[in-house]
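# Residue-level structure breakdown
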Amino acid sequence: MFFHIVLERNMQLHPRYFGRNLRENLVSKLMKDVEGTCRGLFVIQVSLCVLWANIEPLLLLENRSTWFVVAITGIENIGKGLIRDGTGFVTFPVKYQCVVFRPFKGEILEAVVTMVNKMGFFAEAGPVQIFVSNHLIPDDMEFQSGDMPSYTTSDGSVKIQKDSEVRLKIIGTRVDATEIVCA
Amino acid sequence: MSGEEEEMLLSSNGDEFLKAKCLMNCEVALILEHKYEQLQQMSDDPMNQVSQVFEKSLQYVKRFSRYKNPDAVRQVREILSRYQLAEFELCVLGNLCPETVEEAIAMVPSIKTKGRAHDDEAIEKMLNDLSLIKKFE
């Protein structure tokens, strides 16, 4: 889910950027440093929901505050700069508003399937990758291999393949060390 | 450059997010498109300047926005705000647009917890109002 929040960051600026364009330089450095980053990393477990049978939620393992910064929408305040001892760099505390994406346990969201294999399928929801293991896919759906691998119901009425849109429920989160992946 | 710390103004245990301002996909689409246009005016090649996160988010919200028109988006938020929902609940309903009361309760079970003033009729009225906006968008 997307949120609009206010964050604060201490930005260090080299003296070559001082002068008339100080504020602009600070803001563009902020954007370069922050937009597109993710604070903390997490793995999320999801289950297919709503249309199919109830799946018992797993225990919540950890719930750290982690999110992706999608875009900065405005600068609220830039505080007074402090010169750092010994280097000449100046640190400015900057308060800014931004759009972040943070998935939540129990949240239901829509995603696009990117890859299907016999272990399950991968999907994407905004900046976040999701993996749904075949254990969490309803029993009446079977894996069909071929040019376009998919999970299909026995009567062929529902098919999950690349580029299908699915609704997923997030049932737990875990912190991972390398990247943001949801499962 | 090392030594730059980031602190969240809200507390960092995650629960505060439940009180933070949530955005529906359609609202995020308007914000990101506006930002993209600003970048287009400033340079010839905006695609190079935006991060992959931005691009993916923009594609995602455009694909999954139920309402495209800014007035419709505003109306949706206004209507849902009349029903004493938490921000989180409002956005899930606005994003997924359930058609029946059962669907809505399945998506946001918290609207039916004890002590809240949402009976089935109120929920049905809310869903009807939402679908009207879609019809006349």
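The rules behind each value
Residues numbered from 1 in each chain as written. Chains lettered and ligands numbered in written order. Predicted model: local features only at pLDDT ≥ 70, side-chain atom pairs only at ≥ 80, totals over all residues. Heavy atoms only, no water. Salt bridge = Lys/Arg side-chain N within 4 Å of Asp/Glu carboxyl O. Helix = DSSP H or I, 4+ residues; strand = E, 2+ residues; numbered from the N terminus. Buried < 20%, exposed > 50% of the residue type's maximum accessible area, 1.4 Å probe, protein only. Axes fitted to C-alpha atoms, helices over the stretch in contact; angles between N-to-C directions. Parallel < 35°, antiparallel > 145°, perpendicular 65-115°, else oblique. Contact = heavy atoms within 4.5 Å. Nonpolar A, V, L, I, M, F, W, Y, C, P; charged D, E, K, R; others polar.

## What about the pattern of salt bridges?
Tallied over the entire structure, the rule returns 14 salt bridges over all chains. A salt bridge links Asp33 of chain A to Lys29 of chain A, with the shortest nitrogen-to-oxygen separation between them at 3.0 Å. With Asp33 of chain A and Lys29 of chain A both in helix α1 (residues 22-34) and four residues apart, the pair spans about one turn of that helix. Judged by its relative accessible area of 17%, Lys29 of chain A falls in the buried class. For Lys35 of chain B, the salt bridge identified is with Glu35 of chain A, shortest N-O distance 2.8 Å. Taken as a pair, Lys35 of chain B in helix α1 (residues 25-42) and Glu35 of chain A in the loop between α1 and β2 (38-39) lie in two separate chains rather than in one. On the basis of relative accessible area, Glu35 of chain A is assigned to the buried category, the value being 16%. Taken together, the salt bridges that share partners define one network made up of Glu110 and Arg167 of chain A together with Arg66 and Glu103 of chain B.

## Quick notes on the packing of helix α4 (residues 70-81) of chain B against helix α7 (residues 120-135) of chain B
Residues and elements named next belong to chain B. For the pair α4 and α7, interaxial distance at closest approach is 10 Å and the crossing angle is 175°. With respect to α7, the element α4 is oriented roughly antiparallel. Contact with α4, carried on its side by Ala72, Gln75, Val76, Ile79 and Leu80, involves Met126, Asp129, Leu130 and Ile133 of α7 and no other residues of that element. Of the residues belonging to the contact of α4 with α7, the class tally is seven nonpolar, one polar and one charged.

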